[in-house]
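What follows is each chain in one-letter form.
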Amino acid sequence: MSSYWAAYAWLPDGCHADVGFDVVEGRFVGVRVGIEPSAGAEILLGVTLPGLANGHSHAFHRALRGRTHAAGGTFWTWRQHMYALAARLDPDSYLSLARAVFAEMAQAGYTVVGEFHYLHHDQGGRPYADPNAMGAALIQAATEAGIRLTLIDACYLSGGLTATGHLPLDSVQQRFADRNVDHWQARISLMNDTDQVRIGAAAHSVRAVPAEVLRVIGEAAEEQPLHVHLSEQPAENAATQAFYGCTPTELLADHGLLGRRTTAVHATHLTDTDIKTLGSSQTSACFCPTTERDLADGIGPARRLADAGSPLTVGSDQQAVIDPFEELRGVELHERLATGERGRFTPGELIMIASVAGYRSLGWPDGGRIADGALADFVVVRSDSVRTIGSDPDQIAYAATAADIDQVIVAGRVIARDGRHQLGPAARLLAIAFDQLEAL
Ligand SMILES: [Zn+2]
């Protein structure tokens, strides 16, 4: 058993001073408020938060950071850069890159990541000898980095959607695609949950998955978290309207994909009816504000979705930024710019978005809170840095950055301390991974 005393800690009912708790076999026990430190307890100064969930990640996109801005461009030209990178990766380079990226996430305060995985097959589009070799690389990477992982394995079958229907796969997309939905299902059924890993499922998008397959994916993944990219760009809505005569949200609803276990990623360009449909079905919406602004996607209706009944979560998506506080502030600050109002989300709501809601959407309903019996994942934020000093402890999410993370603990085990991951500084791990990529 390890004992802790936190000067301030976020519990399910808000921020409290003088909080003691113990960790036994990776879970919280004896959480109590308003006490003196017990003898032998580790003292946690600053503000202790529950574990923070990165609800949507594509680890390999990290290699594009700071390299796609020279000629401006659009989401679609950015995607060309991403495809060029995807074409080069193999299981070894994927492992080393993902391990470094997951270390960067852990160092930034993320304790669980939902890795939306679609780079399945070899450079020729053929399955590896182990058809999950790329997924196995991600699992090994997360395990070595000490971060919990939900491997959200995406079904990807077509090269895009136009007014006349779905397009054939191009040469890079062949790596993403299984021969058909049965092959996808057979492949993901070979992977199993562990203490630190959950296997989730995804329909990549209505662009990459024809409507008749959506229901099959929903039924195949009945017990698993189910994610789907939704209406990130107006072009997806226009193509869906032209071909199917409805919005992407309506298409998902008609094919049984929405509900409490489902997370719609982005949910940026929605109609009033879409918002009602997502909210009333309690479908989660994963906002990725640093990506959505980087790619000029737009500002999604976060407050309206939350009011309609959708739990919100956040994700780092294409890794232009890996910083949970930047994502949380993005949700609130984009709302402020769009509406001319402050305080669209309370500080407590922002913490819940990153913790309880994020964990639940990734298939970890017993994580994301500091409470008896919950998974002992937590993060200590410095309150004495140049950014955070003077902040109210319950408003620290408005001031802190990833650089203010003091300790990151998963299942009671320290995985990062003083801005340094247990495997070494994430910048060094990234440099090694980038060298390996250059040599390919
Ligand atoms: Zn994505």
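Conventions used here
Residues numbered from 1 in each chain as written. Predicted model: local features only at pLDDT ≥ 70, side-chain atom pairs only at ≥ 80, totals over all residues. Heavy atoms only, no water. Buried < 20%, exposed > 50% of the residue type's maximum accessible area, 1.4 Å probe, protein only. Helix = DSSP H or I, 4+ residues; strand = E, 2+ residues; numbered from the N terminus. Pairing = 2+ DSSP bridges. Phe/Tyr/Trp six-rings, centres within 6.5 Å; stacked < 30°, edge-to-face > 60°. Lys NZ or Arg CZ within 6 Å of the ring centre and 35° of its normal. Patch = residues over 30% accessible without salt bridge, like charges linked within 9 Å, V, L, I, M, F, W, Y side chains within 5 Å. Areas by Shrake-Rupley, 256 points an atom, 1.4 Å probe, with all protein chains shown as cover. Salt bridge = Lys/Arg side-chain N within 4 Å of Asp/Glu carboxyl O. Right-handed = clockwise from strand over helix to strand, strands pointing away. Contact = heavy atoms within 4.5 Å. Expected span 1.5 Å × (residues − 1). Axes fitted to C-alpha atoms, helices over the stretch in contact; angles between N-to-C directions.

A. Spatial organisation of the pairing of strand 11 (residues 226-230). With five of its five residues buried, strand 11 lies for the most part within the structure. Side chains of strand 11 alternate between two faces, with Leu 226, Val 228 and Leu 230 and His 227 and His 229 buried alike. Looking at chain direction, strand 10 (residues 197-203) and strand 11 are connected through three bridges and run parallel. If you follow Ala 203 over to strand 11, its bridge partner there is Val 228. Bridge analysis of strand 11 against strand 12 (residues 262-266) gives five bridges, and the strand direction is parallel. Residue Leu 230 lies in a different strand from strand 12, and its bridge partner there is His 266.

B. Geometry of the packing of aromatic side chains. Scanning the model with the defined rule gives 14 aromatic pairs in all. Ring plane angle 85 degrees and centroid distance 5.3 Å describe the contact between Phe 21 and Phe 28, whose orientation is recorded as edge-to-face. For Phe 21, a relative accessible area of 0% gives the class buried. Through pairs of rings, three or more aromatic residues link up here, namely Phe 60, Tyr 83, Tyr 94, Tyr 118, Tyr 156 and Phe 176. Above the plane of the ring of Trp 364 lies Arg 148, whose end atom (NZ or CZ) is 5.1 Å from the centre.

C. Structural context of a nonpolar patch on the surface. A cluster of nonpolar side chains, Met 1, Val 24 and Val 29, forms an exposed patch at the surface whose accessible area comes to about 270 Å². Mapped onto the fold, Met 1 is located in the segment before strand 1 (2-11). For Met 1, a relative accessible area of 73% translates into the label exposed.

D. Looking closely at the pairing of strand 7 (residues 148-155). In terms of burial, strand 7 is a largely internal element, eight of the eight residues being buried. Neither face of strand 7 is open: one carries Arg 148, Thr 150, Ile 152 and Ala 154, the other Leu 149, Leu 151, Asp 153 and Cys 155, and all of them are buried. As a crossover connection, the stretch from strand 6 (residues 110-117) through helix 3 (residues 133-145) into strand 7 is right-handed. Direction of pairing for strand 7 relative to strand 10: parallel, over a ladder of seven bridges. When the sheet's bridge partners are listed, Thr 150 is paired in strand 10 with Arg 198.

E. Examining the environment of Arg 32 more closely. If you trace the backbone, Arg 32 turns up in strand 3 (residues 27-33). Of the residues examined, Arg 32 reaches a relative accessible area of 31% and is grouped as partly exposed. Note: C-alpha distance between Arg 32 and Thr 262 (230 residues apart in sequence) is 34 Å. Not counting residues within four places of it along the chain, the set of residues in contact with Arg 32 comprises Asp 18, Val 19, Gly 20, Phe 21 and Asp 22.

F. Structural detail: helix 2 (residues 91-108). An ideal rise of 1.5 Å per residue puts 26 Å on 18 residues; helix 2 measures up with 25 Å between its terminal C-alpha atoms. With 15 of its 18 residues buried, helix 2 lies for the most part within the structure. A positive phi of about 110 degrees marks Gly 109, the residue just after helix 2.

G. Representation of the pattern of salt bridges in the model. Taken as a whole and assessed by the stated rule, the structure comprises 21 salt bridges. A salt bridge links Arg 27 to Asp 366, with the shortest nitrogen-to-oxygen separation between them at 3.0 Å. Of this pair, Arg 27 sits in strand 3 while Asp 366 sits in the loop between helix 12 (347-361) and strand 15 (378-381), placing them 339 residues apart in sequence. For Glu 104, the salt bridge is made with Arg 62, and the minimal N-O distance between the two is 2.8 Å. Taken together, the residues Glu 104 in helix 2 and Arg 62 in the loop between strand 5 (52-57) and helix 1 (75-86) connect sequence positions 42 residues apart. Its relative accessible area of 12% is what places Glu 104 among the buried residues.

H. View of the sheet that holds strand 14 (residues 312-314). A sheet is described by the order of its strands in space; here eight strands give the open sequence 5-6-7-10-11-12-13-14, paired in parallel fashion. Two strands bound the open sheet, and with one partner strand each, they are strand 5 and strand 14. The average angle at which neighbouring strand axes cross in this sheet is 25 degrees, direction not considered. Across the face of the sheet, helix 4 (residues 181-188) comes into contact with strand 7 and strand 10 while running at roughly 160 degrees to strand 7. Relative to the sheet, helix 12 contacts strand 5, strand 6, strand 7, strand 11, strand 12, strand 13 (284-287) and strand 14, its axis offset from that of strand 14 by approximately 95 degrees.

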